[in-house]
Amino acid sequence: MKSEGVWAVVPAAGVGQRMQSDKPKQYLKLENKTVIEQTLSRLASHPRINGIVVAIAKSDNWWSELQLDLGCEFDVAEGGDTRADSVLNALQALKQLVNDDPWVLVHDAARPCLRHSDIDYMLSELSTHPVGGILGIPVNDTVKRSNDDDVILETVERERLWRASTPQMFHLNTLVEALNKAKQQGVTVTDEASAIECCGLEAKMVEGHADNIKITIPKDLALAELFLKQQRGDV
Ligand code: CTP
Ligand code: MG
């Protein structure tokens, strides 16, 4: 089996609580496809991506309804209770498919607007990096910290502050080790870079486009539709 090159791991086992919909947000319609189909086809059509492993919840009734024709290697792993567990399961499945230690791009199923140019930029910035890194967006707003009563306590220096997004690109073995270590230590990690940081490794921040949004609340769907149109030059 082909093992050189880059793989994608797509956690898609969340319930989408904040979306308040009748099905998980990755199965909502975005233009002519579901959100997850948009995301997977963006990854699969990138020339440097060999294959994809997607994590799907055990209780998922929607995944099997899809008719996917991605044209790349593909496997499905079982989702876990947290995003980190889902990613870890997918990485373990990937270990069965490859004999070396490829770069892995972990990318949220809920981010369907990822540009190929952002993948290209990320690969060019990180392919020779000793650890790897993530796509992020610089924080432009003035940032405040409040207490539980919404009383403003301080203005947080926004210099060098970033919003972390995905893909997050690390070597397969490094990532498995880091996520296992975080789990053993009982550290909650909401992204892969947190697990890498936990191990004392230095990941690089790579600037991505702000239209790579994560569909989280209902109004994000319309925004994603607008971004897809904009990327095609339709608006
Ligand atoms: N995810 C996953 N397994 C989980 C939780 C989340 O694979 N146990 C995935 C989601 O499907 C999503 C990505 O991780 O593609 C980012 O998570 P998030 O945006 O938080 O999605 P949900 O957890 O589904 O949404 P919510 O937090 O609103 O419930
Ligand atoms: Mg969540």
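Look up: the structure comes first, before these words.
Computed from a prediction, not measured in an experiment: that's the story for all the values here. (Residues numbered from 1 in each chain as written. Chains lettered and ligands numbered in written order. Predicted model: local features only at pLDDT ≥ 70, side-chain atom pairs only at ≥ 80, totals over all residues. Heavy atoms only, no water.)

Peer 1: Lay out the pairing of strand S9 (residues 152–156) in plain terms, naming residues and giving numbers.
Peer 2: Two faces, one strand: in a regular strand the side chains alternate between the faces of the sheet. Bridge analysis of strand S8 (residues 143–146) against S9 gives four bridges, and the strand direction is antiparallel. The partner of Arg145 across the bridge, within S9, is Glu154. In textbook terms, the turn of a hairpin is the stretch between consecutive antiparallel strands, and for S8 and S9 this stretch comprises five residues, one of which, Asp150, has a positive phi near 65°. (Pairing = 2+ DSSP bridges. Helix = DSSP H or I, 4+ residues; strand = E, 2+ residues; numbered from the N terminus.)

Peer 1: Lay out a nonpolar patch on the surface with the relevant residues and their values.
Peer 2: On the surface, Leu68, Phe74 and Val76 cluster together into a nonpolar patch covering about 200 Å² of accessible area. With a relative accessible area of 37%, Val76 lands in the partly exposed category. (Patch = residues over 30% accessible without salt bridge, like charges linked within 9 Å, V, L, I, M, F, W, Y side chains within 5 Å. Areas by Shrake-Rupley, 256 points an atom, 1.4 Å probe, with all protein chains shown as cover. Salt bridge = Lys/Arg side-chain N within 4 Å of Asp/Glu carboxyl O. Buried < 20%, exposed > 50% of the residue type's maximum accessible area, 1.4 Å probe, protein only.)

Peer 1: Run through the site of ligand 1, naming residues and quoting values.
Peer 2: As a structural note, the neighbourhood of ligand 1 is formed by 19 residues, with Ala13, Gly16, Gln17, Lys25 and Ser86 the closest of them. One of the backbone nitrogen or oxygen atoms of Ala12 is found 3.2 Å away from an oxygen atom of ligand 1. Lys214 is positioned such that a nitrogen or oxygen atom in its side chain is 2.9 Å from an oxygen atom of ligand 1. At the level of elements, strand S1 (6–12) and helix H2 (83–97) are the ones that each hand at least two residues to the shell around ligand 1. (Near = heavy atom within 4 Å. Polar contact = N/O pair within 3.5 Å; in protein donor to acceptor, adjacent residues only side chain to side chain.)

Peer 1: An account of the environment of Gln231 is needed here, citing residue identities and associated values.
Peer 2: Mapping Gln231 onto the fold places it in helix H6 (residues 219–232). Once you skip the residues sitting within four places of it in the chain, Gln231 turns out to touch Arg42, Cys113, Arg115 and Asp211. (Contact = heavy atoms within 4.5 Å.)

Peer 1: Help me get a handle on the nonpolar core, residues and values and all.
Peer 2: Core analysis: the biggest nonpolar cluster contains 29 residues, and Val9, Val53, Leu91, Leu94 and Leu179 have the highest contact counts within it. Looking at this core, the element that brings in the most residues is H2, giving eight residues. Filtering out sequence-adjacent residues up to four positions away, Val9 remains in contact with Val53, Val87, Ala90, Leu91, Leu94, Val104, Leu105, Val106 and His107. Counting residues in hydrophobic clusters, the runner-up holds 28 residues, among them Val6, Ile52, Leu66 and Ile119. (Core = buried A, V, L, I, M, F, W, Y, C linked by side-chain atoms within 4.5 Å.)

Peer 1: Please set out the side chain of His46 residue by residue, giving values where relevant.
Peer 2: If you trace the backbone, His46 turns up in the loop between helix H1 (35–44) and strand S4 (49–56). A polar contact is formed between the side chain of His46 and the side chain of Asp120, at a distance of 2.6 Å. Here His46 is in contact with His116, Ile119, Asp120 and Leu123, once residues within four sequence places are set aside.

Peer 1: Requested: an account of helix H4 (residues 172–184), with residues and values cited.
Peer 2: For H4, with 13 residues, the first-to-last C-alpha span of 18 Å sits near the 18 Å given by 1.5 Å per residue. Residues of H4 that are buried: Leu172, Leu175, Val176, Ala178, Leu179 and Ala182. Projection of H4 onto a plane perpendicular to its axis shows the buried side chains occupying an angular sector of 170°, all on one side. More than 90 degrees from the buried face of H4, the exposed residues found are Glu177 and Gln184. Looking at the buried side of H4, the elements it contacts are H2, strand S6 (103–106), strand S10 (162–171) and helix H5 (192–198). (Expected span 1.5 Å × (residues − 1). Arc of directions from axis to C-beta.)

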